[in-house]
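Letter by letter, the chains look like this.
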Amino acid sequence: MTAVRLPQGLPSRTAFRSALRSSVRPVLCLLPLALVTVVAVQHWSVLAEGFHHLATAQWPWLVAAAAATCGTWVAAAVTRQGAVMERLPVRRLLATQVAAGAANHLFPTGLGASAVNLRFMTVCGVPLARSSAALALYLLAESIARLTLLAGLLIAFPGALRLGGLLPDGAVGPLMVGGAVVLGVAAPALLLVRRLRTAVFSFLRTALGEARSVHTRPVRALALWGGSLAFPTLQAAGLVAVGMALGLSVPPAYIVVAYLAATVAVALVPTPGGIGSVEAALIIALVAAGGPVAVATAVVLAYRIITVWVPLLPGALTLGALVRLKVI
């Protein structure tokens, strides 16, 4: 039988894929900047009002807030390293956290940062199953640390916050019903669908094995839990600094409680509002802690400018550079 040969002028399949990747990668590098432009145009009125409040603030406190924001990248990098056994390249890991912060605001909440870090660990040679387990361990540790800080501060300052004001009226009932529906669907699916059950149990075995391995090394465990505690603490410290800059008449400890409670509430029930669920929840929390509505609104808008909008451009540029350099 005579072998059929392709004409020599046609490219091979490997060459075609390589050319396709080469043509797509520059587009991916520019995509974060395009998304930043779109988001900025959509929220231009909020940006303008936030910068107006910043112009009247005390700049030393704003510098402190900016420093706390930069510190969250270091805390996130430390926690990411603590969640995986392999030693990750320090500079690329830190740059990835800057990029992940931008991706987290350009894409659906949580998905952007998770995708960036998952890709980074995979490129560093960590198998996909263990990268996913490390990602889950990071999210679990950060959630436990945030709730632990909130519980400890509420015990220390029981009058710091009226928690009922953080959730919309009538939200508790639908939240409980929604949770029951999710459990009612997930449990039978897990029991009846064999492939799903196998995949879930396999992931849990990998995740538990990764968690045990991490906690056998004190340095990794310290990085995991120390970074998880430092991350929300630095975020709350940034809000305290902005509150001091704008003269918010709320004790710093109460501001920290308000921040932690607001972020937990947003994770449970996305608060509807014109300027976004996080901003709305933070304003409600600061008012519940005793702050005037006008000043609380100014503080939240200025805080979001420093922690979200200002880092968004360098974060998008870093994200594009990491894609171009094939770090992610």
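Peer 1: I tried to follow the overall build of the chain on my own but got confused; where do I start?
Peer 2: Looking only at helices and strands, the chain has 12 helices and 0 strands in total. Shown N-terminal to C-terminal, the secondary structure of the chain runs as helices and strands in the order α-α-α-α-α-α-α-α-α-α-α-α. Taking all 328 residues of the chain together, the buried fraction comes to 39%. Pairs at least 24 residues apart make up 76% of the contacts formed inside the chain by residues separated by at least 6 positions. For the chain, the exposed surface amounts to about 17800 Å²; the carbon and sulfur share of it is 71%.

Peer 1: Looking at this structure, I do not really get the packing of helix α3 (residues 59-82) against helix α9 (residues 218-245). What am I missing?
Peer 2: Between two packed helices, both the angle of their axes relative to each other and the distance between the axes serve to describe the pair. Contact pair α3 / α9: the axes reach a minimum separation of 7 Å and the direction vectors enclose 165°. Classified by the interaxial angle, the pair formed by α3 and α9 is roughly antiparallel. The crossing of α3 and α9 is left-handed.

Peer 1: I'm lost on the pattern of salt bridges in this one. Help?
Peer 2: Overall, the coordinates contain 3 salt bridges when judged by the stated rule. Its salt-bridge partner being R130, residue E86 comes within 2.6 Å of it at the nearest N-O pair. With E86 in the loop between α3 and α4 (90-106) and R130 in helix α6 (residues 128-156), the pair connects residues that are 44 residues apart, well separated along the chain. When its relative accessible area of 21% is taken as the criterion, R130 is described as partly exposed. Beyond isolated ion pairs, a larger network of salt bridges with shared partners links E86, R130 and E210.

Peer 1: Help me out: how do you make sense of empty space enclosed by the protein in this one?
Peer 2: The gaps of empty space that remain are located by a probe, the size of a water molecule, rolled over the atoms. Scanning the entire structure with this criterion turns up 1 cavity of 30 Å³ or more. In this structure, the largest cavity occupies an estimated 30 Å³ of space. Lining the largest cavity, in full, are R80, A83, M121, A134, L135 and Y138. When its residues are assigned to classes, the lining of the largest cavity shows 5 nonpolar, no polar and 1 charged.

Peer 1: Whenever I open this one, the packing of aromatic side chains confuses me. Can you help?
Peer 2: Two aromatic rings are characterised by how far apart their centres lie and by the angle between their planes. In the structure shown here, the tally under the stated rule is 2 aromatic pairs. Geometrically, the ring pair formed by F157 and Y254 is edge-to-face, given 6.2 Å between the ring centres and 70° between the ring planes. With F157 in the loop between α6 and α7 (172-192) and Y254 in helix α10 (residues 252-268), this pair connects stretches of sequence that are 97 residues apart. Classification of F157 by relative accessible area gives partly exposed; the value is 31%. The class for Y254 is partly exposed, based on a relative accessible area of 23%.

Peer 1: Would you take a moment to explain the packing of α3 against helix α12 (residues 293-324) for this structure?
Peer 2: Interhelical geometry of α3 versus α12 gives an angle of 65° and a closest axis separation of 10 Å. One way to sum up the angle between α3 and α12 is to call them roughly perpendicular. Here the hand of the crossing between α3 and α12 comes out right-handed. Across the interface between the two elements, L62, A65, A66, T69 and W73 of α3 pack against I306, T307 and P311 of α12.

What counts, and where the lines are drawn
- Residues numbered from 1 in each chain as written.
- Predicted model: local features only at pLDDT ≥ 70, side-chain atom pairs only at ≥ 80, totals over all residues.
- Heavy atoms only, no water.
- Helix = DSSP H or I, 4+ residues; strand = E, 2+ residues; numbered from the N terminus.
- Buried < 20%, exposed > 50% of the residue type's maximum accessible area, 1.4 Å probe, protein only.
- Contact = heavy atoms within 4.5 Å.
- Areas by Shrake-Rupley, 256 points an atom, 1.4 Å probe, with all protein chains shown as cover.
- Axes fitted to C-alpha atoms, helices over the stretch in contact; angles between N-to-C directions.
- Parallel < 35°, antiparallel > 145°, perpendicular 65-115°, else oblique.
- Left-handed = near helix turned anticlockwise from the far one by under 90°.
- Salt bridge = Lys/Arg side-chain N within 4 Å of Asp/Glu carboxyl O.
- 1 Å grid on protein atoms, 1.4 Å probe; cavity = no way out; pocket = protein on both sides within 12 Å on 5 of 7 lines; lining within 4 Å.
- Points joined across faces, edges and corners; volume = space filled by probe spheres on them.
- Nonpolar A, V, L, I, M, F, W, Y, C, P; charged D, E, K, R; others polar.
- Phe/Tyr/Trp six-rings, centres within 6.5 Å; stacked < 30°, edge-to-face > 60°.

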